[in-house]
Amino acid sequence: MDAGEVLRVVTSGLVGIVGTPANLVSLTYFFKHDRTTLGSRLLILLNSFDLVVCISAIGVNVFYFLPSNASNLKTFGITENIFKVLFKISIQCTGFTTCLLTITRSISLVKPFYQINQFRVATALLVHAIIISVMEILVLILMLTRSVPWDIYRKASYIMLNVELVDLILIFLLVVISNIFSVASLRKSQSIAVNNHAIAKQATITVFILSTLFCSLNLALIVILLCLSIEVFIPPTVSWIAMWLALPLNSALNPLVYIWRKEPLRRYLMDKIKCCSGSHNVEKGHTLGHHSRSKTAQNHTVSYLESEN
């Protein structure tokens, strides 16, 4: 590898390394403290897919530095392709979950008394994940099977590319339209209680930030897929940055948005940091020492009063 390729691989790997613990912290918090509402459950799913994106990005980039020879080349190739398939599946599931998050947020603002059917939302997520997974795995099997003619694999890859393109374009448009409705509805909602309005505004802003990150960091991929579908040449460096840098960056930034927007999550994170650093035990020791000194002073006062009597 040349210096530029090493820099790109290291950068992508570092993004995945930073994103993995951030997603783990936020996912742990959501599981323990905030998984009752539909929005919270969608955030848990988005968080989970983001975690898979970061881990699979690390796995793919690690293979650039592993020594390969004739005995392990086949194993390395299969394992690397498995990480790539996991990456592609989780990326598309991340986009679809972001889309559902914005749509449900918009519905809750436009029709505040409408009960969203959570079973249908879960079914849509499951069907989308199954379709994408089956197609990606099928293309991988065709690629690894030597007896399959090249034309069949090329046609399957072309079909998969166009499915990804249509999927991303629809998700992109739905996210943009849903955010427009959410912002417009939030500005018009003056009749609801002040506290409810503040909560709705905070949740809407959080979803808006998440969807803006998704649209910004996935737009280049949509353009590249469109160019590939019409057989327009794209420099490999540009394609690599759009796929292996921008997309992991999106998954690494999402948990940082949760930490920024949710005060209970920030307190949870600070408690974990204090526990790891040992400052929690130090504070506890100071507290116990303070109570001990207060008790001693109280005993001296009681003894003095008794002696006066």
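Whatever comes next refers back to the structure up there.
Computed from a predicted structure; not experimentally measured.

> Give a description of the overall build of the protein chain that names residues and reports values.
Summing up its helical and strand segments, the protein chain has nine helices and zero strands in all. The N-to-C order of helical and strand elements in the protein chain reads α-α-α-α-α-α-α-α-α. For the protein chain, the share of sequence-separated contacts (at least 6 apart) that also reach a separation of at least 24 residues comes to 81%.

> Any chance you could break down empty space enclosed by the protein for me, citing the residues and the numbers?
Considering all chains together, one arrives at two cavities of 30 Å³ or more under this definition. Of the volumes computed, that of the largest cavity is approximately 80 Å³. Contributing to the lining of the largest cavity are Lys88, Ile91, Gln92, Glu164, Leu168, Leu221 and Met243. Among the secondary structure elements, those contributing two or more residues to the lining of the largest cavity are helix 3 (73-110) and helix 5 (150-188). The dominant element in the lining of the largest cavity, judged by the number of residues it contributes, is helix 3, at three residues.

> Run through the layout of surface pockets, naming residues and quoting values.
Looking at the largest pocket, its volume works out to about 1,100 Å³. Lining the largest pocket are 33 residues; nearest its centre among them are Arg105, Ser108, Ile199, Ala200 and Ala203. Elements supplying a minimum of two residues to the lining of the largest pocket: helix 2 (38-62), helix 3, helix 6 (194-229) and helix 8 (263-277). Counting residues per element, the lining of the largest pocket draws most heavily on helix 6, which supplies seven residues. Estimated volume of the second largest pocket: approximately 860 Å³. What lines the second largest pocket is a set of 26 residues, and nearest its centre among them are Lys88, Tyr153, Leu161, Leu228 and Met243. Secondary structure elements with two or more residues in the lining of the second largest pocket: helix 3, helix 4 (118-144), helix 5, helix 6 and helix 7 (236-261). Looking at the lining of the second largest pocket element by element, the count peaks at seven residues for helix 5. Considered class by class, the residues forming the lining of the second largest pocket number 17 nonpolar, three polar and six charged.

> Before we move on, can you summarise the packing of aromatic side chains with the specific residues and values?
For any two aromatic rings, the description comes down to two numbers: the centre-to-centre distance and the angle of the planes. Applying the stated criterion across every chain, the model contains five aromatic pairs. Ring geometry for Tyr29 versus Tyr268: centroids 5.6 Å apart, planes at 55°, classification tilted. Here Tyr29 is found in helix 1 (residues 3-33), whereas its partner Tyr268 is found in helix 8, with 239 residues between them in sequence. Comparing Tyr29 with Tyr268 shows no difference in burial state: the two are buried.

> Tell me what's going on with the nonpolar core, and back it up with residues and numbers.
Counting 45 residues, the largest nonpolar core has Leu42, Phe87, Leu101, Leu210 and Tyr258 as its most contacted members. Of all the elements in the fold, those that place two or more residues in this core are helix 1, helix 2, helix 3, helix 4, helix 5, helix 6, helix 7 and helix 8. Among residues more than four places away in sequence, those in contact with Leu101 are Gly39, Leu42, Leu43, Leu46, Val207 and Leu210.

> Break down the pattern of salt bridges for me, with residues and values.
Tallied over the full model, the rule gives three salt bridges. Here Lys84 makes a salt bridge to Glu80, at a shortest N to O gap of 3.7 Å. Note that Lys84 and Glu80 are positioned in helix 3 at a spacing of four residues, about one turn of the helix. Owing to a relative accessible area of 26%, Lys84 belongs among the partly exposed residues under this scheme. Asp151 is the salt-bridge partner of Arg154, the closest N and O atoms lying 4.0 Å from each other. Of the two residues, Arg154 and Asp151 are both situated in helix 5; the distance of three residues between them amounts to about one turn of the helix. According to the relative accessible area criterion, Arg154 is partly exposed, its value standing at 46%. Look at Asp151 and you get partly exposed, because its relative accessible area is 45%.

> Account for the environment of Leu42, with residues named and values stated.
Its location among the elements puts Leu42 in helix 2. Between the alpha carbons of Leu42 and Leu100 there is a distance of 7.8 Å; along the sequence they are 58 residues apart. In this structure, Leu42 is in contact with Thr97, Leu100, Leu101, Thr104, Val121 and Leu125, ignoring residues within four places of it in sequence.

> Tell me about the packing of helix 2 against helix 7, and please be specific about residues and values.
It is the contact of helix 2 with helix 7, at a shortest axis distance of 9 Å, that shows an interaxial angle of 140°. The orientation of helix 2 relative to helix 7 falls into the category oblique. You can see that helix 2 and helix 7 cross each other, and the crossing is left-handed. Along the contact surface, helix 2 presents Leu43, Leu46, Asn47, Asp50, Val53, Cys54, Ala57, Val60 and Asn61, while helix 7 presents Trp240, Trp244, Leu247, Pro248, Ser251, Ala252, Asn254 and Tyr258.

> Give me the lowdown on the side chain of Thr104, citing residues and values where you can.
On the secondary structure map, Thr104 appears in helix 3. The exposure class assigned to Thr104 is buried, which follows from its relative accessible area of 9%. Of note is the side chain of Thr104, whose polar atom sits 2.8 Å from the backbone oxygen of Leu100. From its side chain, Thr104 meets the backbone oxygen of Leu101 in a polar contact 3.1 Å long.

Rules and cut-offs
- Residues numbered from 1 in each chain as written.
- Predicted model: local features only at pLDDT ≥ 70, side-chain atom pairs only at ≥ 80, totals over all residues.
- Heavy atoms only, no water.
- Helix = DSSP H or I, 4+ residues; strand = E, 2+ residues; numbered from the N terminus.
- Contact = heavy atoms within 4.5 Å.
- 1 Å grid on protein atoms, 1.4 Å probe; cavity = no way out; pocket = protein on both sides within 12 Å on 5 of 7 lines; lining within 4 Å.
- Points joined across faces, edges and corners; volume = space filled by probe spheres on them.
- Nonpolar A, V, L, I, M, F, W, Y, C, P; charged D, E, K, R; others polar.
- Phe/Tyr/Trp six-rings, centres within 6.5 Å; stacked < 30°, edge-to-face > 60°.
- Buried < 20%, exposed > 50% of the residue type's maximum accessible area, 1.4 Å probe, protein only.
- Core = buried A, V, L, I, M, F, W, Y, C linked by side-chain atoms within 4.5 Å.
- Salt bridge = Lys/Arg side-chain N within 4 Å of Asp/Glu carboxyl O.
- Axes fitted to C-alpha atoms, helices over the stretch in contact; angles between N-to-C directions.
- Parallel < 35°, antiparallel > 145°, perpendicular 65-115°, else oblique.
- Left-handed = near helix turned anticlockwise from the far one by under 90°.
- Polar contact = N/O pair within 3.5 Å; in protein donor to acceptor, adjacent residues only side chain to side chain.

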